[in-house]
Amino acid sequence: SVVLIALAAAAGYWLWRGPATLDVASPATESSARLSSDTLRFDLNAPQLTFLRIEPVQAFSVPLAEPFNARVAYDDNRTARVFSPVAGRVVRIVAEAGQRVKAGDPLLWIDAPDYAEAVADVTKADADLRNKQAVFDRAQLVYEAQGISRKDLQEAEADWRAADAEAQRARARLQNLGTPNAAAGGRFVLRAPIDGSVSERKVNAGSEVQTDADDPLFVITDPSHLWVLVDLPERQLGSMQVGQAIAIQVDAYPDETFPGTVVVVGGALDAVTRRVQVLCAVENPEPYKLLPEMFARVTPAAATQQTLPRVPNAAVFTQGLYSYLFVETAPGMLQRRRVTPDRQGTQYTWIRDGLQAGERIVTTGALLLNSELDSD
């Protein structure tokens, strides 16, 4: 494998330098020329330029530490995990994953004996209440005409109040099931408790549901607001505080950074992992790129919000004791420039001196350019 790598490198350099028969002594046929000890000039149609990637430099906040591993999670303050309060068989489902719903919208219908019994109890209690109310009203009229004793009137009143209490109990039971009024057909209707989007559906038509199920039937959430959970090592506890700005990256969008804020820093360490959980809030505007359970990397920003030019690590190379990169000073003209790094991460380097935001640098192919300079 080492031989194959060496051959591939040699082939790439041969393509970069061009065929051996190129007349390097003839300026008319040269596609590149060294203007000085640190500057190369290429014709705009030179084949060497196809090996290069030149991009403008942007300034970013300097991180306090290396990125911490994290994961994206639901914002529990804006999420409802919907279980069924009654046992039964699902007969119809109207909500699908990805669908927007409002509080009170039906999600599914369940053929539930317990719910049918609760509806029957309400009907029976209301009928008994009306009957006892009528008896009490007649007793009052007869008592006023001195046709019955006060004791008989009090017994009629006690029966009426007992019937009223039973009717309230039956209605309260139905209210606790989330349906203050009986549904058509006597079937239980499971409704959305909040506005949001159905992110998960874990039930099918014909399924038997129980009140003690481990998994919710639906998860409804506001996808524009998410949490990012960081397991912060004990030695890094001082690097994150409530209200601090953070930068979030995920593998799905390696060139994009999502801003967030530290909301909660846990008050106790895990005795086994020696880590504390940090909760961060992140906005997730449409189109929703961040999804719950994504793995992420969180970088805390410095409190002073110092910004410096940030370049890919591949753009920087060392020569002797110093660091260099190539800057495009004009179309086709590339200058090797000495720079002073401030901080280097796993993907990017922040430059303290020698580079300004907005300048264009070589992010791919810097080593080939350096070989070109050193070979002349």
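A. Layout of helix 3 (residues 150-176). Taking 1.5 Å per residue as the helical rise, helix 3 with its 27 residues ought to reach 39 Å, and the 39 Å between its terminal C-alpha atoms agrees with that figure. Leu153, Ala156, Trp160, Ala163, Ala167, Ala170 and Leu174 are the residues of helix 3 that are buried. Buried residues along helix 3 sit against helix 2 (113-144). Note on helix 3: the residue one or two positions beyond its end, Gly178, has a positive phi of about 90°.

B. Here's a closer look at the packing of aromatic side chains. Overall, the coordinates contain five aromatic pairs when judged by the stated rule. Judged by centre distance (6.2 Å) and plane angle (25°), the rings of Phe317 and Tyr324 are stacked. Take Phe317 and Tyr324: they sit in the same class, and that class is buried. Relative to Phe326, the ring of Phe317 has its centre 5.7 Å away and its plane inclined at 25°; by these criteria the two rings are stacked. On the accessibility criterion, Phe317 (6% relative accessible area) is buried. You can call Phe326 buried: its relative accessible area is 0%.

C. Quick peek at the sheet that holds strand 10 (residues 188-191). Spatially, the four strands line up as an open sheet ordered 10-9-7-12, and their pairing is antiparallel. Across the chains shown, the open sheet's two edge strands, defined by having one partner strand only, are strand 10 and strand 12 (208-209). As paired strands, strand 7 (residues 88-93) and strand 12 are joined by two bridges and run antiparallel to one another. Counted as the bridge partner of Gly88 is Val209 from strand 12.

D. Looking closely at the environment of Ala162. Position of Ala162 among the secondary structure elements: in helix 3. Taking relative accessible area as the criterion, Ala162 reaches 45% and is therefore assigned partly exposed. Measuring from C-alpha to C-alpha, the distance between Ala162 and Asp128 comes to 9.9 Å, with 34 residues separating the pair along the chain.

E. Focus on the environment of Ser323. Examined against the element boundaries, Ser323 turns out to sit in strand 21 (residues 322-330). In the structure, Ser323 is positioned 17 residues away from Thr340 in sequence and 6.6 Å away in space, judged by C-alpha atoms. Every residue in contact with Ser323, bar those within four places of it in the chain, is listed here: Val316, Phe317, Thr318, Arg337, Arg338, Val339 and Pro341.

F. Spatial organisation of the nonpolar core. Counting residues in hydrophobic clusters, the biggest one holds 35 residues, and the most contacted among them are Leu107, Leu108, Tyr115, Leu190, Val203 and Phe218. Among the elements of the structure, strand 7, strand 9 (106-111), helix 2, helix 3, strand 10 and strand 13 (218-221) are those that each provide at least two residues to this core. Residue contributions to this core peak at eight residues, all from helix 2.

G. Main features of the packing of helix 2 against helix 3. Look at helix 2 against helix 3: their axes get within 8 Å of each other, and the N-to-C directions meet at 160°. The angle between helix 2 and helix 3 places the two elements in the roughly antiparallel class. Regarding helix 2 and helix 3, the two cross each other, and that crossing is left-handed. Along the lines of polarity and charge, the residues of the contact of helix 2 with helix 3 split into 17 nonpolar, two polar and 14 charged.

H. Region of interest: the sheet that holds strand 15 (residues 245-250). The six strands lie next to each other as 5-14-17-16-15-18, forming a closed barrel whose pairing is antiparallel. The sheet shows a mean angle of 40° between the axes of neighbouring strands, taken without regard to direction. Sheet topology places strand 5 (residues 68-74) next to strand 18 (residues 295-300); four bridges connect them, and they run antiparallel. Looking at strand 18, one finds that Arg71 is bridged to Phe295.

I. Broad picture of the pattern of salt bridges. What the rule picks out here adds up to 21 salt bridges. The residue Arg53 makes a salt bridge to Glu55 at a minimum N-O spacing of 3.0 Å. Of the charged contacts in the structure, one is a salt bridge between Arg173 and Asp121, with a shortest N-O distance of 3.2 Å. Here Arg173 is found in helix 3, whereas its partner Asp121 is found in helix 2, with 52 residues between them in sequence. Overall, the relative accessible area of 29% leaves Arg173 in the partly exposed class. Linked through salt bridges whose partners overlap, the residues forming this network are Asp75, Arg78 and Asp222.

J. Focus on the pairing of strand 11 (residues 196-201). With two bridges connecting them, strand 8 (residues 100-101) and strand 11 associate as antiparallel partners. When the bridges of strand 11 are listed, Arg100 appears paired with Ser197. Strand direction decides the pairing type here: strand 11 and strand 13, joined by four bridges, are antiparallel. Opposite Arg201, over in strand 13, you have Phe218 as the bridge partner.

Here is what the cut-offs are and how they apply
Residues numbered from 1 in each chain as written. Predicted model: local features only at pLDDT ≥ 70, side-chain atom pairs only at ≥ 80, totals over all residues. Heavy atoms only, no water. Helix = DSSP H or I, 4+ residues; strand = E, 2+ residues; numbered from the N terminus. Expected span 1.5 Å × (residues − 1). Buried < 20%, exposed > 50% of the residue type's maximum accessible area, 1.4 Å probe, protein only. Contact = heavy atoms within 4.5 Å. Phe/Tyr/Trp six-rings, centres within 6.5 Å; stacked < 30°, edge-to-face > 60°. Pairing = 2+ DSSP bridges. Core = buried A, V, L, I, M, F, W, Y, C linked by side-chain atoms within 4.5 Å. Axes fitted to C-alpha atoms, helices over the stretch in contact; angles between N-to-C directions. Parallel < 35°, antiparallel > 145°, perpendicular 65-115°, else oblique. Left-handed = near helix turned anticlockwise from the far one by under 90°. Nonpolar A, V, L, I, M, F, W, Y, C, P; charged D, E, K, R; others polar. Salt bridge = Lys/Arg side-chain N within 4 Å of Asp/Glu carboxyl O.

On their own, these measurements won't tell you what the molecule is for.
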